Amino acid sequence: MSDTKQKKPQKLKARLARGFPDRSPGDIRATDAMMGKIRQVYERFGFEPVETPFVEYTDALGKFLPDQDRPNEGVFSFQDDDEQWLSLRYDLTAPLARHVAENFNDIQLPYRTYRSGWVFRNEKPGPGRFRQFMQFDADIVGAPSVSADAEMCMMMADTMEALGIPRGDYVIRVNNRKVLDGVMEAIGLGGAENAGKRLTVLRAMDKFDKFGVEGVRLLLGEGRKDESGDVTPGANLSADSIEIVLAVLRIEPQLKSAVADTGERMDLIARENYRAKIAFSALENVFSHVSGNNSGALELRQIWDLACAAGYNDGRIRIDPSVVRGLEYYTGPVFEAELLFDVTNEKGQKVQFGSVGGGGRYDGLVSRFMGQPVPATGFSIGVSRLMTALKNLGKISGEAASGPILVTIMDRDRVGDYARMAQELRTALNPLDAEGQPTGPAIPVELFQGNPKDFPKQLRYADRRGSPIAIIQGGNEKEAGQVIVKDLIEGKRIAETITDNAEWREAKAGEHLVDEADLVVTVQRILAEQATDAWDV
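All figures in this text were calculated on a predicted structure; none of them were measured in a lab. (Residues numbered from 1 in each chain as written. Predicted model: local features only at pLDDT ≥ 70, side-chain atom pairs only at ≥ 80, totals over all residues. Heavy atoms only, no water.)

Q: Just checking my understanding: could you explain the sheet that holds strand E18 (residues 511-515) for this structure?
A: To summarise the sheet geometry, strands pair through backbone hydrogen bonds and adopt either a parallel or an antiparallel arrangement. Read across the sheet, five strands follow the order E15-E14-E16-E17-E18 without closing on themselves; strand pairing throughout is mixed. Where the open sheet ends on each side, the last strands, each with one partner, are strand E15 (445-447) and E18. Strand-to-strand twist across the sheet, computed as the mean angle between neighbouring axes with direction ignored, equals 25 degrees. Helix-sheet contacts for helix H14 (residues 415-429) involve strand E14 (405-407), E15, strand E16 (469-472) and strand E17 (482-487), and the interaxial angle to E15 is about 170 degrees. Its contacts with the sheet place helix H17 (residues 488-495) against E16 and E17, and it is angled at close to 60 degrees to E17. (Pairing = 2+ DSSP bridges. Helix = DSSP H or I, 4+ residues; strand = E, 2+ residues; numbered from the N terminus. Axes fitted to C-alpha atoms, helices over the stretch in contact; angles between N-to-C directions. Contact = heavy atoms within 4.5 Å.)

Q: Any chance you could explain a negative patch on the surface here in plain terms?
A: Together, Asp-80, Asp-81, Asp-82 and Glu-83 give the surface a local cluster of negative charge. What makes Asp-80 partly exposed here is its relative accessible area of 31%. (Patch = residues over 30% accessible without salt bridge, like charges linked within 9 Å, V, L, I, M, F, W, Y side chains within 5 Å. Areas by Shrake-Rupley, 256 points an atom, 1.4 Å probe, with all protein chains shown as cover. Salt bridge = Lys/Arg side-chain N within 4 Å of Asp/Glu carboxyl O. Lys, Arg positive; Asp, Glu negative; His and termini not counted. Charge placed at Lys NZ, Arg CZ, Asp CG, Glu CD. Buried < 20%, exposed > 50% of the residue type's maximum accessible area, 1.4 Å probe, protein only.)

Q: Before we go on, may I ask you to explain the nonpolar core in this structure?
A: Across soluble globular proteins, nonpolar side chains have a tendency to be buried as a group. By size, the foremost hydrophobic cluster in this structure holds 86 residues, and its most contacted members are Met-34, Tyr-42 and Leu-386. Tallying contributions element by element places helix H4 (residues 146-162) first for this core, with 10 residues. If near-sequence neighbours (up to four positions away) are discounted, Leu-386 is found in contact with Met-34, Ile-38, Met-160, Leu-163, Ile-165, Val-356 and Ile-381. Among the nonpolar cores identified, the runner-up in size contains 23 residues, and Val-75, Val-100, Tyr-330 and Val-374 belong to it. (Core = buried A, V, L, I, M, F, W, Y, C linked by side-chain atoms within 4.5 Å.)

Q: I would appreciate a short explanation of the pairing of strand E13 (residues 376-382) in the present structure.
A: Regular strands show a simple pattern: their side chains alternate between the two faces of the sheet. Most of E13 is tucked away: six of the seven residues are buried. Two strands pair when backbone bridges link them, and strand E6 (residues 132-141) and E13 are joined in this way by seven bridges, in the antiparallel orientation. Among the inter-strand pairings, Ile-140 is bridged to a residue of E13, identified as Thr-377.

Q: Looking at this structure, I do not really get helix H11 (residues 295-309). What am I missing?
A: Within an α-helix, residues lying three or four positions from one another point in the same direction, as the helix has 3.6 residues per turn. With 15 residues, H11 should reach 21 Å at 1.5 Å per residue; the first-to-last C-alpha distance of 22 Å fits that figure. If you check which residues of H11 are buried, you get Gly-296, Ala-297, Glu-299, Leu-300, Ile-303, Trp-304 and Ala-307. All buried residues of H11 fall inside an arc of 155 degrees around its axis, so they share one side. Looking at H11, the residues exposed on the side facing more than 90 degrees away from the buried face are Leu-298, Asp-305 and Ala-309. Those residues of H11 that are buried are in contact with H4, strand E7 (170-176), helix H5 (177-186), helix H10 (268-288), strand E10 (317-319) and strand E11 (333-344). Once H11 finishes, Gly-311 follows within two positions and takes phi at roughly 85 degrees, a positive value. (Expected span 1.5 Å × (residues − 1). Arc of directions from axis to C-beta.)

Q: Sorry if this is basic, but what is going on with the pattern of salt bridges here?
A: If the charged atoms of two oppositely charged side chains come close together, the side chains can form a pair. Under the counting rule described, the total for this entry stands at 36 salt bridges. Linking Asp-209 and Arg-173 is a salt bridge whose minimum nitrogen-to-oxygen distance equals 3.3 Å. Within this pair, whereas Asp-209 is found in helix H7 (residues 208-220), its partner Arg-173 is found in strand E7, the two being separated by 36 residues in sequence. With relative accessibility at 5%, the residue Arg-173 sits in the buried group. Salt bridges sharing partners connect three or more residues here, namely Arg-173, Asp-209, Asp-320, Arg-325, Glu-336 and Glu-338.

Q: What is the right way to read the environment of Lys-457 from this model?
A: Considering the arrangement of structural elements, one finds Lys-457 in helix H15 (residues 455-464). Taking the relative accessible area as the measure of exposure, Lys-457 reaches 42% and is therefore partly exposed. When the C-alpha atoms of Lys-457 and Val-179 are compared, they prove to be 67 Å apart, with 278 residues separating the residues in sequence.

Q: Sorry if this is basic, but what is going on with the packing of H4 against H11 here?
A: Two quantities define a packed helix pair, namely the angle between the axes and the distance from one axis to the other. Running from N to C, H4 and H11 point in directions that differ by 50 degrees, and their axes come no closer than 9 Å. In terms of their interaxial angle, H4 and H11 are classed as oblique. The two elements H4 and H11 cross, and the hand of that crossing is right-handed. Contact with H4, carried on its side by Val-146, Ser-147, Asp-149, Ala-150 and Met-154, involves Glu-299, Gln-302, Ile-303, Leu-306 and Ala-307 of H11 and no other residues of that element. Residue composition of the contact of H4 with H11, by class: six nonpolar, two polar and two charged. (Parallel < 35°, antiparallel > 145°, perpendicular 65-115°, else oblique. Left-handed = near helix turned anticlockwise from the far one by under 90°. Nonpolar A, V, L, I, M, F, W, Y, C, P; charged D, E, K, R; others polar.)

Q: Sorry, what's going on with empty space enclosed by the protein here?
A: One simple way to see leftover space: roll a probe sized like a water molecule over the atoms. As enumerated under the stated definition, the model contains one cavity of 30 Å³ or more in all. In this structure, the largest cavity spans a volume of roughly 30 Å³. As for the largest cavity, its lining consists of Arg-420, Met-421, Glu-424, Glu-516 and Leu-519. Ranked by residue count, the leading element in the lining of the largest cavity is H14, at three residues. Split by residue class, the lining of the largest cavity holds two nonpolar, no polar and three charged. (1 Å grid on protein atoms, 1.4 Å probe; cavity = no way out; pocket = protein on both sides within 12 Å on 5 of 7 lines; lining within 4 Å. Points joined across faces, edges and corners; volume = space filled by probe spheres on them.)

Structure representation (structure tokens):
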């Protein structure tokens, strides 16, 4: 006998990779329902779908997200067999730029397109922060006027309302990167040689809503240490430069205070116009003390005038100089869809829900491939985050309308009979039109595929699946040419009123013994009655 015992092979441990979520049927249903409503709004504005792959050449994506020398910094990258670097896309905009450039001669400009899909970030995961998440984008390529940016903001507002978010519970906040570029020039960070430091400053400003003035001050200075002890390096600006940057960020709190002071003296539109007027005055004041370029403020005025003309100056669209957007490729107007209602965070604190999407103008992204100017603007919705918001508001549910009608198996030798019944029900309950398309929502019918020996287990399975009806046919019913149609919802209701087991068995709660030929009409009648009862409730 061998001295060394043969080791049993170790069982593989089932592990979900950090930052990569599984999705439940409810999540998928809720996402599909939400995205269907978004898609309707996009198409109402004349946008058409396109799809790009998950993987792109790393140089096509650019270094706009990580802004580092290593191609796998911030993105998931690998080398192909020809030693070229490939990366999983980190957003949907950079791949669109490649698609437009590659198909430029076949595309009709202005090119209005929407697309949805998974994007990937090689970043530290945390609560509510994933490495894989879904975005839903819309873009206009080949439209140089800020009227395209204004239309994007209007479409964002319409999208929020199509999803049932009440007016007053959301706002589309608008700024212009040219305003921020003017500030960068004023503190000596203009020019390509300062691109890295400029991006550090912009990303610090983008944390204003999260960290407030003092948190941003640390990020603009020597750096900030978070609760876990991790240190985010700062931009190391001088004290005077920090104050110039903070002056822009302080405009929004000043606007809130000024508008609050108007009380009931103004109606909603007058108050929003007053707010915009103060915002433009504050920007003029900032640039009167520095030498930066103020062309961005003029474009913001144009966007505001267009919003007013279209009737969106009622709190749906606002000028907000604190909006930054963290990606480097933005070159003009930037905007953010923010939800204003409160939720409770993981620490039990009441906080405003915040941003669910945003975007802006990126006139240089397509041009990298073309050698000629190709203006573009667009916005992106964070699908998972927006779905969380809608669940908080009770506007969307991932619950199925009904579980499947379950065809049970009483006799294993007659599986073919039960399969025929299941298919007969599927066909009758899910009619198709002349083009073979469903005429209504799917009514699922399932043939039980577990061990049929334990019949009560089949009914417990039906209960867990939320089945409205179970189909039962034993040998006696088959011999008589009959079938039992069990109304599980009615049966459960009756069972709640019965305390004696013998009485419960005698009652045969919710059971209908019918001829096989009447199976379909009986199921249709019970489903209709259940729907009526649910509506009455």
